[in-house]
Amino acid sequence: MQNKPKPDDRSDNVEKLQKMVHNTIENIEKAEETMQFADGEQKSQIEQKNQKRRESIQGMREEIQDESAAQQNKYK
């Protein structure tokens, strides 16, 4: 008996990516609220982490565009 790989189901990738973007934005906002009470080193770490989050969001948005285009092409 062989294990067959599951078919590649990308039908909900756009929704998943949009949720990830939303969650990441919320994390940025929470971190910025926390920065009010942080000292210099902590503030610097939060700023660096938020910069990485912003870069991740940009990548996720590009992936959303790619996935959306792939879905549209699939149904043409």
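Residues numbered from 1 in each chain as written. Predicted model: local features only at pLDDT ≥ 70, side-chain atom pairs only at ≥ 80, totals over all residues. Heavy atoms only, no water.

- In the annotation of an unreviewed UniProt entry, the entry for the protein chain reads Small, acid-soluble spore protein Tlp, and the organism field reads Siminovitchia terrae.
- Database annotation for the protein chain, UniProt heading Subcellular location (unreviewed entry): "Spore core".
- According to the UniProt record, the Sequence similarities (unreviewed entry) comment for the protein chain reads "Belongs to the Tlp family." (UniProt positions renumbered as here; feature names shortened; annotations may be inferred.)

Some words on the overall build of the protein chain
Item 1. Counting secondary structure elements, the protein chain contains two helices and zero strands.
Item 2. Computed over the C-alpha atoms, the radius of gyration of the protein chain is 18 Å, more than 25% above the 11 Å expected from 2.2 N^0.38 for a compact globule of 76 residues.
Item 3. Dimensions of the protein chain along its principal axes, counting C-alpha atoms only, are 55 × 35 × 15 Å.
Item 4. Taken across its 76 residues, the protein chain has 21% of its residues classed as buried.
Item 5. Look at the contacts in the protein chain between residues 6 or more apart in sequence, and 71% of them connect residues 24 or more apart.
Item 6. When the accessible surface of the protein chain is summed, it comes to about 6,600 Å², and 46% of that surface belongs to carbon and sulfur atoms. (Helix = DSSP H or I, 4+ residues; strand = E, 2+ residues; numbered from the N terminus. Rg over C-alpha atoms; globule rule 2.2 N^0.38 Å. Buried < 20%, exposed > 50% of the residue type's maximum accessible area, 1.4 Å probe, protein only. Contact = heavy atoms within 4.5 Å. Areas by Shrake-Rupley, 256 points an atom, 1.4 Å probe, with all protein chains shown as cover.)

A short note on helix α1 (residues 13-35)
Item 1. Taking 1.5 Å per residue as the helical rise, α1 with its 23 residues ought to reach 33 Å, and the 33 Å between its terminal C-alpha atoms agrees with that figure.
Item 2. Burial in α1 covers these residues: Asn 13, Val 14, Leu 17, Val 21, Thr 24, Ile 28, Ala 31 and Met 35.
Item 3. Looking at the buried residues of α1, the elements they touch are α2 (40-74). (Expected span 1.5 Å × (residues − 1).)

Examining the nonpolar core
Item 1. Val 14, Leu 17, Val 21, Ile 28, Ile 57, Met 60 and Ile 64 together form the largest nonpolar core, which totals seven residues.
Item 2. Looking at this core, the elements that each hand over two or more residues are α1 and α2.
Item 3. Top contributing element to this core by residue count: α1, with four residues.
Item 4. Residues contacting Val 14, with those up to four places away along its chain left out, are Ile 64, Glu 67, Ser 68 and Gln 71. (Core = buried A, V, L, I, M, F, W, Y, C linked by side-chain atoms within 4.5 Å.)

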